[in-house]
Amino acid sequence: MAGAWSAGRSITTTMLVVLLGLVVIALNTAVAYVAVGATVVPIITGLLLCLVFVFAVRLLHRAAWLAFLAVLPALFVLVGSVQLAPEAVLEARGVRQEVTIVDVQVVGKRHEFMLQGADGRLDEPLVHQGSNPGYRVGDRLAVLTDPDGVVDLEAADRVDSGGMLAALLLGGVGWTVIALLAGWRGHVRRWKGRHDTLVI
């Protein structure tokens, strides 16, 4: 039938889309490591690369619902690839300090907690972006600080590079399953001569 792909072409194209997803994950994680401390860089590249993968799924599938579904694993890929580098850096070279929250400055939903350590007040605040930070003046906690000053200070119990790696793996598995399903469905749609749609 006109427009139909051979099984070999469909399999090859599907594997290329699967590979594209893995390349996006690896590339944005590498960008985050190179630009560690400048979170906005991997966020922008990650968003663009995730959109490329979603668009590739849309072309492969010839319908949009799997492309929309690919957005969910994309969130895991984006968060994991952006956060893995700074959290791994803090785990590798971060200095652990026991501190007390002595003051807080709030601007909108941004909370900056001033910290007092054994050697005096820390120059860097603990920053929380959101409506419910879970910290109060007087609270004692452990933080990890980067001696090179590249990565922002973070509460020690919230540094989890293993969790970010798990998010990346989960996103990669999700994208792989979606790409395989898109390849199969796209092959069937082309074989039946069905045109691009927003639905199945």
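Fair warning: this is a prediction, and the values are worked out from it, not measured in the lab.

The rules behind each value
- Residues numbered from 1 in each chain as written.
- Predicted model: local features only at pLDDT ≥ 70, side-chain atom pairs only at ≥ 80, totals over all residues.
- Heavy atoms only, no water.
- 1 Å grid on protein atoms, 1.4 Å probe; cavity = no way out; pocket = protein on both sides within 12 Å on 5 of 7 lines; lining within 4 Å.
- Points joined across faces, edges and corners; volume = space filled by probe spheres on them.
- Nonpolar A, V, L, I, M, F, W, Y, C, P; charged D, E, K, R; others polar.
- Helix = DSSP H or I, 4+ residues; strand = E, 2+ residues; numbered from the N terminus.
- Expected span 1.5 Å × (residues − 1).
- Contact = heavy atoms within 4.5 Å.
- Salt bridge = Lys/Arg side-chain N within 4 Å of Asp/Glu carboxyl O.
- Buried < 20%, exposed > 50% of the residue type's maximum accessible area, 1.4 Å probe, protein only.

Colleague: Where do I start with empty space enclosed by the protein in this structure?
Modeller: Summary: where empty space remains is shown by rolling a probe the size of a single water molecule over the atoms. Across all of its chains, the model carries 1 cavity of 30 Å³ or more by this definition. The computed volume of the largest cavity comes to approximately 50 Å³. Classifying every residue of the lining of the largest cavity gives 8 nonpolar, 3 polar and no charged.

Colleague: Can you help me understand helix 1 (residues 7–34) in this one?
Modeller: An α-helical segment advances 3.6 residues per turn. Residues three or four places apart therefore align on the same side. The end-to-end C-alpha separation of helix 1 is 40 Å, in line with the 40 Å expected for 28 residues at 1.5 Å each. In the core, the buried residues of helix 1 are packed alongside helix 2 (40–61), helix 4 (71–93) and helix 5 (161–191).

Colleague: Looking at this model, I keep getting lost on the pattern of salt bridges. Mind explaining?
Modeller: For the structure shown, the criterion picks out 4 salt bridges. Across the salt bridge formed by Glu-98 and Arg-96, the nearest N and O atoms sit 3.8 Å from each other. The class of Glu-98 is partly exposed, set by a relative accessible area of 44%. Ionic pairing is found between Glu-112 and Arg-110, a salt bridge with its closest N-O pair at 2.9 Å. Among the ionic contacts, a cluster of salt bridges with common partners joins Arg-93, Asp-146 and Asp-148.

Colleague: How should the layout of surface pockets be read in this particular structure?
Modeller: Taken as a whole, the largest pocket spans an internal volume of roughly 550 Å³. Looking at the largest pocket, it is lined by 19 residues, and the ones nearest its centre are Gln-83, Val-127, Asp-152, Leu-153 and Glu-154. Looking at the lining of the largest pocket, the elements that each hand over two or more residues are helix 4, strand 4 (126–129) and strand 6 (154–155). The element contributing the most residues to the lining of the largest pocket is strand 4, with 4 residues.

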